[in-house]
Amino acid sequence: MIAFGTRSCIGRTSLGWKYLVGALNNDPVRVVAFDLLGFGDSPKPGWLNYDADDHAAAVIASIERLPLKAPVILVGHSMGCLVAVRVAKLRPDLVRHLVLYEMPLYKGLPNKRYYRLRLNFYTKIYRWLLKYEPKFDSKDADFSDRLAQKFTDLKVDPVSWLPYARSLRNTIFEQTTPDDIPELAMPMDVIYGSFDMLVIRGTVQYAYGKEQDERTQIHTVRSGHSISKKASKLLAERIIAALQLPLTSQQDTNAPNLETGGGGSIKM
């Protein structure tokens, strides 16, 4: 069985899964973590929109390159959650279970002042980043350059900036996830960090169209937005628990189609 990780707090790489990989060392799972399209060692084509479909297509192609005998447990972090949900929607035969950590859902929020204030704050930051034009000069970086790098946690250069900006606009802002989630049949674990200031917790219930159903487990861990040791421990527990669940009849009869290749770089 494979626990498969897609990670991007956009701009970060698959190395962020190191604590989770360590937490699963003694368990009967194979972990494959890779950089999303446009980040880390994955290709960074300048002609892509870097929307959810572009990212999902690369993930699907990467999964299809693996010698699978059963659907995978697909694990996502931050924007990687949005991509993981899109993969599950487009290719449910490839995914048996979703484990989603810090999913940034910003649509369908309750009409409360607290939610509106936070969402407006995030929107202003994101819009500023989208309008920002980096100078790509580390020697003479001014305040705005340093501020942008602090928010993005990304080495600002001409190659990495374009995937970052387009992913922010076309995957984070233009979300497909609230429409995709209600159509998913596979079980999922949704996990939020209680100290995270980037993701608004509670939105996921509205995306599901109900408070919670039997296929969905929602958890909270004392962690921030990053994949900490404490968060990794809970993620590992949920992955192992997912392995104990039987495949649905649809998953059991629809074997993955593994004929095509391609995709981003895979780190085994």
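Conventions and cut-offs
Residues numbered from 1 in each chain as written. Predicted model: local features only at pLDDT ≥ 70, side-chain atom pairs only at ≥ 80, totals over all residues. Heavy atoms only, no water. Helix = DSSP H or I, 4+ residues; strand = E, 2+ residues; numbered from the N terminus. Contact = heavy atoms within 4.5 Å. Areas by Shrake-Rupley, 256 points an atom, 1.4 Å probe, with all protein chains shown as cover. pLDDT = per-residue confidence, 0-100. Expected span 1.5 Å × (residues − 1). Buried < 20%, exposed > 50% of the residue type's maximum accessible area, 1.4 Å probe, protein only. Pairing = 2+ DSSP bridges. Salt bridge = Lys/Arg side-chain N within 4 Å of Asp/Glu carboxyl O. Core = buried A, V, L, I, M, F, W, Y, C linked by side-chain atoms within 4.5 Å.

**Student:** What is the right way to look at the overall build of the protein chain in this model?
**Tutor:** Scanning the protein chain from N- to C-terminus turns up ten helices and seven strands. Look at the contacts in the protein chain between residues 6 or more apart in sequence, and 78% of them connect residues 24 or more apart. About 12800 Å² of surface is accessible on the protein chain, with carbon and sulfur atoms providing 51% of the total.

**Student:** Please clarify how the confidence of the model for the protein chain should be interpreted in this entry.
**Tutor:** In low-pLDDT segments, the atomic positions of the prediction should not be examined closely. Averaged over every residue, the pLDDT of the protein chain is 78; residues scoring 70 or more account for 72%. Between residues 7-11, whose pLDDT stays under 50, and residues either more than four places distant or in other chains, the model counts 27 contacts.

**Student:** Help me out: how do you make sense of helix α3 (residues 79-90) in this one?
**Tutor:** Side chains that are three or four residues apart share a direction in an α-helix, a result of its 3.6 residues per turn. Its twelve residues give α3 an end-to-end C-alpha distance of 17 Å, which sits within 8% of 16 Å, the value for a rise of 1.5 Å per residue. Within α3, ten of the twelve residues are buried, leaving the element largely enclosed by the surrounding structure. What α3 keeps buried is the set Met 79, Gly 80, Cys 81, Leu 82, Val 83, Ala 84, Val 85, Arg 86, Val 87 and Ala 88.

**Student:** Help me understand unusual backbone geometry, please; the structure alone is not making it clear to me.
**Tutor:** When glycine is set aside, most residues are seen to have a negative phi, and most peptide bonds are trans. Of note, Tyr 50 is a non-glycine position whose phi angle comes to about 55°, a positive value. By the secondary structure assignment, Tyr 50 is in the loop between β2 (30-35) and α2 (52-64). Despite not being glycine, Glu 102 has its phi angle at roughly 60°, a positive value.

**Student:** Would you mind showing me how to read the environment of Val 72 here?
**Tutor:** Tracing the sequence through the fold places Val 72 in strand β3 (residues 72-78). Classification of Val 72 by relative accessible area gives buried; the value is 0%. As a C-alpha pair, Val 72 and Arg 96 span 24 residues in sequence and 5.6 Å in three-dimensional space.

**Student:** Looking at this structure, I do not really get the pairing of strand β5 (residues 188-193). What am I missing?
**Tutor:** Regular strands place their side chains on alternate faces of the sheet. When you tally the buried positions in β5, you get six out of six residues, the bulk of the element. Judged by which residues are buried, β5 turns out to be covered on both faces: Met 188, Val 190 and Tyr 192 on one side and Asp 189, Ile 191 and Gly 193 on the other are all buried. Two elements, strand β4 (residues 95-101) and β5, share four bridges in a ladder whose sense is parallel. The partner of Leu 98 across the bridge, within β5, is Met 188. In terms of strand pairing, β5 meets strand β6 (residues 216-221) through six bridges, oriented parallel.

**Student:** Which parts of the structure should I look at to understand the pattern of salt bridges?
**Tutor:** Two side chains with opposite charge may pair up if their charged atoms get near one another. Within the structure shown, the criterion is met by six salt bridges. Here Arg 86 and Asp 180 are joined by a salt bridge, their closest N and O atoms 2.9 Å apart. One end of the pair, Arg 86, is in helix α3; the other, Asp 180, is in helix α7 (residues 177-180), and 94 residues separate them in sequence. On the basis of relative accessible area, Asp 180 is assigned to the buried category, the value being 3%. Linked by salt bridges that have partners in common, Asp 53, Arg 86 and Asp 180 make up one network.

**Student:** So what exactly am I meant to see when it comes to the nonpolar core here?
**Tutor:** Note on soluble globular proteins: their nonpolar side chains tend to be buried together. If you look at the biggest cluster of nonpolar residues, it comprises 45 residues, and the most contacted ones within it are Val 87, Val 95, Leu 98, Leu 100, Met 103 and Tyr 126. Ranked by residue count, the leading element in this core is α3, at eight residues. Core analysis: the next-biggest nonpolar cluster, separate from the first, contains 19 residues, Val 29, Ile 191, Ile 227 and Ile 239 among them.

**Student:** Before we go on, may I ask you to explain the environment of Gly 46 in this structure?
**Tutor:** With respect to the helices and strands, the residue Gly 46 is situated in the loop between β2 and α2. Given a relative accessible area of 41%, Gly 46 falls into the partly exposed group. Gly 46 sits 113 residues away from Val 159 along the chain, and the two C-alpha atoms are 8.3 Å apart. Setting aside its immediate chain neighbours within four residues, Gly 46 contacts Leu 162 and Arg 166.

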